[in-house]
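# Structural overview for review
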Amino acid sequence: MYVAVKGGERAIENAHQWLAEERRGDLSIPELTIPQIREQMKLAVNRVMAEGSLYDPDLAALAIKQARGDLIEAVFLIRAYRTTLPRFALSNPVDTGAMAMDRRISATFKDLPGGQVLGPTFDYTHRLLDFALMAEGEAPFAAALPSTQAGAEGDDAPPHVPHVTTFLDRDGLIETDPATDTTPPDLTREPLELPADRALRLQGITRGDEGFILSLAYSTQRGYGRTHAFVGELRIGRVAVEVDIPELGFAVEVGEVELTECETVNQFKGSKTEPPQFTRGYGLVFGQSERKSIAMSLVDRSLRWQELGEDFTGAPAQDEEFVLYHCDNIQATGFLEHIKLPHYVDFQAELELVRRLRAEAQAQAQQQEAAE
Amino acid sequence: MTMSHDAQAYNFAYLDEQTKRMIRRAILKSLAVPGYQVPFASREMPMPYGWGTGGVQVTAACLVPEDRLKVIDQGADDTTNAVSIRKFFARTAQVATTERTQEATLIQTRHRIPETPLTEGQILVYQVPIPEPLRFLEPRETETRKMHELEEYGLMHVKLYEDIARHGQIATSYAYPVKVEGRYVMDPSPIPKFDNPKLGQSPAIQLFGAGREQRIYALPPFTDVVSLDFDDYPFASSKAPHDCDLCGARQSYLDEVITDDRGGRMFVCSDTDFCASRQAQGKVGRLGVGQAEGAK
């Protein structure tokens, strides 16, 4: 005798309870606090803010905690929350020239106004596990934290540091990038329609999956839609966010966000329509997100083949439809993982079909055998 | 900062009114141009893309407090994701829910059309993974939109023809493409082709929501819907050649259940409400039990 399986509801509730227990782990280990995650897992927090498209370190830290460290799941939590938020205003474009910088490097000029500021970077660390960090308690950690020069240098930075590309621009060596007052399209409020303009592409890439954008950028370096990018400048720091208040008639600072901006200078030999000039690739990402912003600027440059009169070689990183439709990890993971859901019905339909086709093939074979 | 996640913190049926208005506009447009995929600014929902976010948004935009909602997945009310979506709306919209097809004013479904014929005034909302019927023939959206514009469906016919050449029949068993009012070729979502004949001339409104792909399309009541075929290879609906082992139904779509590791199996209605109603009427299949005994 057969009784149909019931109890999906109870199973779900039990699964949620088990999940909560697993999230907490061993009760004898103190629970992580949101400030701990925010302060000590800052790069994870940055990634969740960037791909979640919501600048709020506390919420990002909460999402990481709730998601048990699964960053894509954390991004998802943030996105689902973000979409319910009302929009009060559009800010003015942030001025990255006025950034309070922690780090600023150029790979194209040895020295330049504003200087090279190494800042808190992994770049020249030797990747040796620091077992001192494994020691329990605050003492060894505190001892390893002398006050650094770099921080002080950053504070002394002039209020306005010109971008490297402006030096090239003055000599006409790099394509001009005229300022525009057009309100950029909003990927989160309008359906994606192609062809996309550069602003929309950049919007898609900046919230795209870091791993995906990284690999695409890497593929262009290896020859799939060749880019040969110099990091003209990489700067990380805080910028003020200002909103125009119509009643007041002037802009008011409503807060500040940490950004990583990368401008690449790309070789370009000129074409039928363009004189020989360097070209630009641009990356801008929430938080200290160097890898992402450099990768973004390479993919941006690669996607600009059409406007710069280059050939389409069929490389994935040149194909805006491919890039924009597949860079969002929330869309990707949702669709990928949905194949876990029941598909009894369509599988049954396939099963019937395959059985019928096999039966027919078998009957045919037998007929043939009999005929011979 | 504390966040309250109880129902009060969110608008009726979760989405804010501006978003609902945007979705309703897309729905109205889709009803005006049957079978045409209308782009809409799909929102991130608190469940993953691929879990029915399109259907959920369409349902959210259609629900009114007086509605009685039914949610099915694979025809069943008690599959985990159906349970989850029903609970979502019970919580965020406080609407009444039901498992009875006849009692529901709005039914959200994944992969099935209920066996019980729908009636005027009902809305059937489909969850759609890939709204584009031409997608697996042409991966580019820019191309497929052009093909729809130009009514250029030759590629689809070639595909069906190749099926016949290779397999002796059209080897598509679910998500079987249809033509709507002689104009747009439409993907009916991954319903088994057994359900295709129910698409046309239905008195109910049928809405299709694809969240990740940001598309909504629709079949208004009493629309002409034709499953693509050839004169000499006409469309044939199909199901497992059995009766339901629980209720004995001959005309319902069946799930196959493996009962042991020696090839034992049984076939039961995928539409759980249909099957349960028949059993309540005393109809018994090969392995079914009488109601009195089964209630234990």
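Residues numbered from 1 in each chain as written. Chains lettered and ligands numbered in written order. Predicted model: local features only at pLDDT ≥ 70, side-chain atom pairs only at ≥ 80, totals over all residues. Heavy atoms only, no water.

In the annotation of an unreviewed UniProt entry, the entry for chain B reads Alpha-D-ribose 1-methylphosphonate 5-phosphate C-P lyase, and the organism field reads Pseudotabrizicola algicola. UniProt, in its Sequence similarities (unreviewed entry) section for chain B, records the words "Belongs to the PhnJ family." Of chain B, the UniProt comment under Catalytic activity (unreviewed entry) reads exactly: "alpha-D-ribose 1-methylphosphonate 5-phosphate + AH2 + S-adenosyl-L-methionine = alpha-D-ribose 1,2-cyclic phosphate 5-phosphate + methane + 5'-deoxyadenosine + L-methionine + A + H(+)". (UniProt positions renumbered as here; feature names shortened; annotations may be inferred.)

The name given to chain A in an unreviewed UniProt entry is Carbon-phosphorus lyase complex subunit PhnI, with Pseudotabrizicola algicola as the source organism.

As a further point, take the overall build of chain A. Looking only at helices and strands, chain A has 14 helices and 4 strands in total. Against the globule reference of 21 Å for 372 residues, chain A gives a C-alpha radius of gyration of 26 Å, more extended than a compact globule. Within the span of chain A, comprising 372 residues, buried residues form 39% of the whole. Once local pairs closer than 6 in sequence are excluded, the contacts in chain A between residues at least 24 apart make up 65%. For chain A, the accessible area works out to roughly 22,100 Å², and carbon and sulfur atoms hold 57% of it. Seen as two clouds, the 36 positive and the 59 negative side-chain charges of chain A have centres 3 Å apart. (Helix = DSSP H or I, 4+ residues; strand = E, 2+ residues; numbered from the N terminus. Rg over C-alpha atoms; globule rule 2.2 N^0.38 Å. Buried < 20%, exposed > 50% of the residue type's maximum accessible area, 1.4 Å probe, protein only. Contact = heavy atoms within 4.5 Å. Areas by Shrake-Rupley, 256 points an atom, 1.4 Å probe, with all protein chains shown as cover. Lys, Arg positive; Asp, Glu negative; His and termini not counted. Charge placed at Lys NZ, Arg CZ, Asp CG, Glu CD.)

Residues and elements named next belong to chain B. If you trace the backbone, Arg 135 turns up in the loop between β5 (123–127) and α4 (141–149). Accessibility expressed as a relative area gives 12% for Arg 135, which makes it buried. In terms of polar contacts, Arg 135 uses its side chain to reach the backbone carbonyl oxygen of Pro 139, at 3.3 Å. Looking at Arg 135, its side chain comes within polar contact range of the side chain of Thr 144, at 3.4 Å. (Polar contact = N/O pair within 3.5 Å; in protein donor to acceptor, adjacent residues only side chain to side chain.)

Attention now goes to the domain arrangement of chain A. Assigned domains of chain A: these are domain 1 (11–82), domain 2 (96–125 + 145–333) and domain 3 (343–372). Here the C-alpha centroids of domain 2 of chain A and domain 3 of chain A sit 57 Å apart. (Domains from an automatic or database assignment.)

We now examine the interface of chain A and chain B. At the interface, 50 residues of chain A touch 64 residues of chain B. Of the roughly 4,900 Å² buried where chain A meets chain B, counting both sides, 59% is carbon and sulfur surface. For Arg 79 of chain A, the salt bridge is made with Glu 44 of chain B, and the minimal N-O distance between the two is 2.8 Å. On the surface where chain A and chain B come into contact, there are 22 residue pairs in polar contact (both at pLDDT 80 or more). For the side of chain A that touches chain B, the secondary structure elements donating two or more residues are α1 (8–24), α4 (57–66), α5 (71–82), α12 (320–326), α13 (329–337) and α14 (344–371) of chain A. (Buried area = accessible area lost by both parts, 1.4 Å probe. Salt bridge = Lys/Arg side-chain N within 4 Å of Asp/Glu carboxyl O.)

So, about the state of the cysteines. Residues and elements named next belong to chain B. Here the structure, examined in full by the defined rule, presents 0 disulfides over all chains. With no disulfide of its own, Cys 247 lies closest to Cys 269 among cysteine sulfurs, the gap being 3.6 Å. No disulfide involves Cys 269; its sulfur sits 3.6 Å from that of Cys 244, the nearest cysteine. (Disulfide = S-S within 2.5 Å.)

We now examine the domain arrangement of chain B. All names here are of chain B. Here the domain parsing of chain B yields domain 1 (9–227) and domain 2 (239–285). Just the C-alpha atoms count here: the centres of domain 1 and domain 2 sit 26 Å apart. Across the contact, 16 residues belong to domain 1 and 10 residues belong to domain 2. Together domain 1 and domain 2 conceal approximately 950 Å² of surface at their shared face, both sides included; 48% is due to carbon and sulfur atoms. Area buried by domain 1 at its contact with domain 2 is led by Arg 112, Glu 115 and Phe 194, which between them contribute 46% of it. If you look at where domain 1 meets domain 2, you find 1 salt bridge. Note that Arg 100 is salt-bridged to Asp 273, the shortest N-O span being 3.3 Å. Here domain 1 is connected to domain 2 by 8 residue pairs in polar contact (both at pLDDT 80 or more).

This part takes up helix α10 (residues 210–221) of chain A. Side chains that are three or four residues apart share a direction in an α-helix, a result of its 3.6 residues per turn. Residues and elements named next belong to chain A. Taking 1.5 Å of rise per residue, 12 residues should cover 16 Å, and α10 covers 17 Å from first to last C-alpha, within 8% of that figure. Of all the residues in α10, the buried ones are Glu 210, Ile 213, Leu 216, Ala 217, Ser 219 and Thr 220. Buried residues along α10 sit against α3 (42–52), α9 (198–206), α11 (290–303) and α12. A positive backbone phi angle near 115 degrees is found at Gly 223, which sits one or two residues after α10. (Expected span 1.5 Å × (residues − 1).)

We now examine the sheet that holds strand β2 (residues 68–73) of chain B. Residue and element names in this part refer to chain B. Spatial strand order, β1-β9-β8-β5-β4-β2-β3: 7 strands in an open sheet with mixed pairing. A single partner strand is all that each edge strand has here, and the edge strands are β1 (38–39) and β3 (96–97). Direction of pairing for β1 relative to strand β9 (residues 215–219): antiparallel, over a ladder of 2 bridges. Each residue of the ladder has a partner; that of Pro 39, found in β9, is Arg 215. Along the sheet, helix α1 (residues 17–32) makes contact with β1, β8 (205–210) and β9, crossing β9 at roughly 45 degrees. (Pairing = 2+ DSSP bridges. Axes fitted to C-alpha atoms, helices over the stretch in contact; angles between N-to-C directions.)

All names here are of chain A. Taken together, Asp 95, Glu 242, Asp 244, Glu 253 and Glu 256 make up a surface patch of like negative charges. For the negative patch, the secondary-structure elements that each account for two or more residues are β2 (229–245) and β3 (250–266). Mapped onto the secondary structure, Glu 253 falls in strand β3. On the accessibility criterion, Glu 253 (49% relative accessible area) is partly exposed. (Patch = residues over 30% accessible without salt bridge, like charges linked within 9 Å, V, L, I, M, F, W, Y side chains within 5 Å.)

The next thing to look at is unusual backbone geometry. Note the cis peptide between Leu 194 of chain A and Pro 195 of chain A, where omega equals 0 degrees. Along the chain, Pro 195 of chain A turns up in the loop between α8 (164–170) and α9. With a phi angle near 75 degrees, His 111 of chain B is a residue other than glycine that sits in the positive phi range. Residue position: His 111 of chain B is located in the loop between β4 (106–110) and β5. With a relative accessible area of 2%, His 111 of chain B lands in the buried category.

Moving on, we get to the pattern of salt bridges. Residues and elements named next belong to chain A. Across all of its chains, the model carries 53 salt bridges over all chains by this definition. Where Glu 258 meets Lys 42, a salt bridge forms, and the shortest distance between an N and an O atom there is 3.6 Å. Here Glu 258, found in strand β3, pairs with Lys 42, found in helix α3; they are 216 residues apart in sequence, far enough to count as distant. Judged by its relative accessible area of 37%, Lys 42 is partly exposed.

So, on to the packing of α5 of chain A against α13 of chain A. Residues and elements named next belong to chain A. The N-to-C vectors of α5 and α13 enclose an angle of 110 degrees; their axes lie 10 Å apart at closest approach. What the angle tells us is that α5 and α13 run roughly perpendicular. The way α5 lies across α13 gives a crossing that is left-handed. Contact with α5, carried on its side by Ile 72, Val 75, Phe 76 and Arg 79, involves Asn 329, Ile 330 and Thr 333 of α13 and no other residues of that element. Looking at the contact of α5 with α13 residue by residue, the classes come out as 4 nonpolar, 2 polar and 1 charged. (Parallel < 35°, antiparallel > 145°, perpendicular 65-115°, else oblique. Left-handed = near helix turned anticlockwise from the far one by under 90°. Nonpolar A, V, L, I, M, F, W, Y, C, P; charged D, E, K, R; others polar.)

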